[in-house]
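The residues making up each chain are set out below.
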Amino acid sequence: MTANRVVQGRMVTAESLAEMIEGEGVMDAESIEDADRECPECGGDVLEVGYMPSVTEFVTGWKCQECDWSDTDRE
């Protein structure tokens, strides 16, 4: 997949996409992928990124490319 993607009108890297989802800095992030789902709020395309917010945690996060919606696999 490509390293950078457009989200809400601006180019983001995997790390900056993870930070948008998390709301703060992350330690590491995998590459951005297209998620196999639509945004539940606007119906737009959703991106997926795996990232480590801390040394002991790995999270998969999803972010809509068009609106503010995001989610994680945290319970």
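Remember, it's a predicted structure, so these values are computed and weren't measured experimentally.

Asker: I tried to follow the pairing of strand β6 (residues 57–64) on my own but got confused; where do I start?
Answerer: Successive residues of a regular strand alternate their side chains across the two faces of the sheet. The element β6 is extensively covered by neighbouring structure, given that 6 of its 8 residues are classed as buried. Relative to β6, strand β5 (residues 45–54) runs antiparallel, the two sharing 7 bridges. Considered in β6, the bridge of L47 is made with K63. With antiparallel pairing between neighbouring strands as the criterion, β5 and β6 make up a hairpin whose turn holds 2 residues. The antiparallel hairpin formed by β6 and strand β7 (residues 70–72) contains 5 residues in its connecting segment.

Asker: Looking at this structure, I do not really get the state of the cysteines. What am I missing?
Answerer: Simply put, the disulfide is a covalent bond whose two ends are the sulfur atoms of two cysteines. Taken as a whole, this structure holds 0 disulfides when the rule is applied. Left unpaired, C39 is separated from the closest cysteine sulfur, that of C67, by 3.6 Å. When its relative accessible area of 5% is taken as the criterion, C39 is described as buried. Looking at the unpaired C64, the closest cysteine sulfur is the one in C42, lying at 3.5 Å.

Asker: What am I meant to see in helix α1 (residues 14–22) here?
Answerer: What sets the pattern is the α-helix's 3.6 residues per turn: residues three or four places apart point alike. Among the residues of α1, those classed as buried are A14, L17, A18, I21 and E22. All buried residues of α1 fall inside an arc of 130 degrees around its axis, so they share one side. In this fold, the buried residues of α1 make contact with β1 (5–7), β2 (10–12), β3 (28–29), β5, β6 and β7. Looking one or two places after α1, you find G23, whose phi comes out positive at around 85 degrees.

What counts and how
- Residues numbered from 1 in each chain as written.
- Predicted model: local features only at pLDDT ≥ 70, side-chain atom pairs only at ≥ 80, totals over all residues.
- Heavy atoms only, no water.
- Buried < 20%, exposed > 50% of the residue type's maximum accessible area, 1.4 Å probe, protein only.
- Helix = DSSP H or I, 4+ residues; strand = E, 2+ residues; numbered from the N terminus.
- Pairing = 2+ DSSP bridges.
- Disulfide = S-S within 2.5 Å.
- Arc of directions from axis to C-beta.
- Contact = heavy atoms within 4.5 Å.

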